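# Per-entry structural report
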Amino acid sequence: MVLRLDSSSADFASAFEQFISKDRDGGADVSAVVREVINKIRADGMDALAELTQKFDGFALCEANLKITDAEIEIAEKQCRAEDLKALDFAADRIRSYHLKQLPKDERYTDDMGVTLGWRWNAVDAAGLYAPGGRAAYPSSVLMNAIPAQVAGVGRLALVTPAPGGEMNPLVLAAAKRAGITEIYRIGGAQAIAALAYGAGPIAPVDVIVGPGNAYVAEAKRQVFGKVGIDSIAGPSEILVVADGQNEPAWIAADLLSQAEHDPSSQSILITDDAQFADRVSNAVDEQIAESERKEITAAAWHDNSAIIVVGTLDEAPAIVDRIAPEHLELAIEAPEELLTKIRHAGAIFMGRYTPEAVGDYVAGPDHVLPTVHSARYASGLSVLDFMKRTSIIGCDADALARIGPAAATLADAEGLPSHANSVRVRLK
Ligand SMILES: NC(=O)c1ccc[n+]([C@@H]2O[C@H](COP(=O)([O-])OP(=O)(O)OC[C@H]3O[C@@H](n4cnc5c(N)ncnc54)[C@H](O)[C@@H]3O)[C@@H](O)[C@H]2O)c1
Ligand SMILES: N[C@H](CO)Cc1c[nH]c[nH+]1
Ligand SMILES: [Zn+2]
């Protein structure tokens with residue numbers, strides 16, 4: 001049975017808080033496991049990478065097979081179906097067009113004191129890209145990671161993706177080739193994140209690490225932050241669907257399961273104002289789980305981490321949505337624009353009955369690497385800006401310094417920092 005909450009019940013507020021603050025990792029001490037993995041990589045580099053890859057991905061890794069060769073990429077591309085490659089190209093074009101619009105502009109102006117001011121945007125030198133590969137392979141995530149990096153102008157792109165049993169998914173390699181990535185390593189999990197952050201064997205450290213992954217990958221990014229930049233905590237997938245009773249229950253059930261099927265730690269939530277519709281969706285979900293090829297994963301995510309919330313009217317939805325700040329939000333209602341204006345926190349919002357979240361995963365254009373576990377309250381989806389940083393530019397001539405310098409010297413005196421004051425005053429006439 002999935003958890004059912006009714007906003008009219010007396011204990012709704014506490015039951016809701018308990019639900020949203022529940023740990024979705026099934027009791028595993030993810031943080032401690034990840035800390036140990038990172039320490040191992042820092043201490044033993046390539047040897048630790050080989051040991052952990054044997055343990056978690058089940059094959060013998062060594063320096064000779066760590067990096068994918070050009071020949072492997074050529075062979076992989078030939079193994080892909082033509083229709084898959086065509087869909088990949090279609091997706092890549094749309095993702096590129098969208099991200100090109102995000103490129104920021106430099107600024108330079110002279111203010112009324114004669115000081116030249118502005119800023120300049122630069123790409124980072126090297127980015128590490130994580131494409132998940134444990135329970136499924138994600139060619140789409142290769143595109144979603146690499147295209148904004150390319151648009152930003154990053155010089156070096158290093159892709160890591162796990163290869164269970166040593167086998168690389170051919171479409172992942174085809175996607176990497178299309179995205180212009182030449183450095184690809186068959187490693188995954190926290191050990192891959194640590195190798196990108198600190199270096200290991202032939203892998204040189206990068207400046208930023210981006211990309212989605214399971215709880216171990218997300219926690220590893222959190223722990224290496226500071227040594228490198230990261231995009232956001234993009235962990236196990238989530239969906240929240242706000243739906244009225246006019247929807248087809250089987251459609252909404254499929255939407256809920258589209259994210260549940262990623263990971264047992266995934267989360268799907270339905271908010272509806274129609275209790276009978278909630279029953280119909282619940283039954284449809286059970287039927288679809290029974291037929292799913294990923295039954296174990298979807299059943300665990302649905303029964304352990306998900307919920308149906310029945311509200312009196314959909315006017316109650318925005319406050320609930322904002323508290324959850326879901327990775328994905330579907331507004332499956334007749335007039336979604338109106339509800340949209342009342343909602344502030346979500347990674348991506350899908351408007352109306354004909355915009356299933358899955359189009360955003362592949363071909364809509366916006367990035368599918370999105371913040372999870374309430375972090376959409378302060379973070380955004382991956383964008384070109386995650387690969388760039390802004391440098392301020394300040395220029396004075398003698399006259400401009402004469403106008404703004406005295407106040408700087410005064411403040412330096414007030415802070416008890418005489419060399420600061422002196423470096424200004426020696427230049428004043
Ligand atoms: N938020 C987003 O933007 C977004 C986008 C796409 C995918 N995802 C998520 O990415 C994830 C993909 O997960 P996945 O597992 O298929 O692949 P993954 O590549 O994220 O994780 C596989 C790796 O996890 C490590 N691992 C597994 N069990 C472990 C354990 N007990 N201890 C230590 N390490 C362990 C292993 O090193 C393995 O290589 C899903 O949770 C999916 O929902 C999120
Ligand atoms: N829904 C995932 C983000 O949470 C992205 C994805 C890739 N492939 C399928 N789905
Ligand atoms: Zn998905």
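Shown above is the structure to which this text applies.
The following refers to the structure shown. (Residues numbered from 1 in each chain as written. Chains lettered and ligands numbered in written order. Predicted model: local features only at pLDDT ≥ 70, side-chain atom pairs only at ≥ 80, totals over all residues. Heavy atoms only, no water.)

## Let's talk about the site of ligand 2
Note the following rule: Proximity is defined per residue: if any heavy atom of the residue lies within 4 Å of a molecule or strand, that residue is considered near it. Identification of polar contacts relies on pairs of N or O atoms within 3.5 Å, with a donor-acceptor requirement for protein atoms, meaning one able to donate a hydrogen and the other able to accept it, and with residues adjacent in sequence counted only if both atoms are side-chain atoms. Helix and strand definitions follow DSSP, with helices as H or I runs of at least four residues and strands as E runs of at least two, each counted in order from the N terminus. In this classification, the charged set is Asp, Glu, Lys and Arg, the nonpolar set is Ala, Val, Leu, Ile, Met, Phe, Trp, Tyr, Cys and Pro, and all remaining amino acids, among them Gly, are polar.
Near ligand 2, the surroundings consist of Y138, S140, S237, Q259, H262, E327, H328, E357, D361, Y362 and H368. Between ligand 2 and D361, the relevant distance is 2.8 Å, taken from a nitrogen atom to a side-chain nitrogen or oxygen of the residue. Take the shell around ligand 2: its biggest share by element is three residues, from helix 15 (residues 357-362). Its residues assigned to classes, the shell around ligand 2 shows two nonpolar, six polar and three charged.

## Section: unusual backbone geometry
Keep this limit in mind: Each residue's exposure class comes from its accessible area (1.4 Å probe, protein chains only) as a fraction of the maximum for that residue type: buried when under 20%, exposed when over 50%, partly exposed otherwise.
Within the chain, A325 stands out as a residue other than glycine whose phi angle is a positive 50°. Inspection of the secondary structure puts A325 in the loop between helix 13 (317-324) and strand 12 (328-332). Of the residues examined, A325 reaches a relative accessible area of 0% and is grouped as buried.

## What to know about the site of ligand 1
The criterion, for reference: Accessibility throughout is a Shrake-Rupley quantity obtained with a 1.4 Å probe, and a residue counts as covered only by protein chains that appear here.
Close to ligand 1 lie 29 residues, the nearest being D57, Y130, R135, S237 and D263. A distance of 2.7 Å separates an oxygen atom of ligand 1 from a polar side-chain atom of D57. Within the contact set of ligand 1, an oxygen atom lies 2.8 Å away from a backbone nitrogen or oxygen of L370. For ligand 1, the protein covers 89% of the area, taking 870 Å² as the surface of the free molecule.

## Observations concerning the packing of helix 8 (residues 189-198) against helix 9 (residues 215-224)
Just so we agree on the cut-off: Between N-to-C directions, angles span 0 to 180 degrees; the directions come from axes that are lines fitted to C-alpha atoms, helices contributing only their stretch in contact. Oblique is the label for every angle not falling under 35 degrees (roughly parallel), over 145 degrees (roughly antiparallel), or within 65 to 115 degrees (roughly perpendicular). Helix crossings are classified by the rotation of the near helix relative to the far one: an anticlockwise turn of less than a right angle makes the crossing left-handed, while a clockwise turn makes it right-handed. Contacts are assigned to residue pairs with any non-hydrogen atoms lying within 4.5 Å of each other.
At a closest axis distance of 8 Å, the pairing of helix 8 and helix 9 adopts a crossing angle of 25°. As summarised for this structure, helix 8 and helix 9 are arranged roughly parallel, according to the angle between their axes. Note that helix 8 runs across helix 9; the crossing there is right-handed. Contacts between helix 8 and helix 9 involve G189, A190, I193, A197 and Y198 from the former and Y216, V217, A220, K221 and V224 from the latter. Across the contact of helix 8 with helix 9, the residue classes break down as eight nonpolar, one polar and one charged.

## A short note on the sheet that holds strand 9 (residues 238-243)
Put simply, the rule reads: At least two bridges found by DSSP between two strands is the condition for calling them paired.
The strand order 1-11-10-9-12-13 describes an open sheet built from six strands, whose pairing is parallel. Looking along the sheet, the strands with just one partner apiece sit at the ends: strand 1 (3-6) and strand 13 (348-351). Pairwise comparison of adjacent strand axes, ignoring direction, gives a mean angle of 15° for this sheet. As judged from the four bridges shared by strand 9 and strand 12, these two strands associate in the parallel manner. Note that in strand 12 the partner of V241 across the bridge is E330. Its contacts with the sheet place helix 1 (residues 12-20) against strand 1, strand 10 (267-272) and strand 11 (307-310), and it is angled at close to 145° to strand 1.

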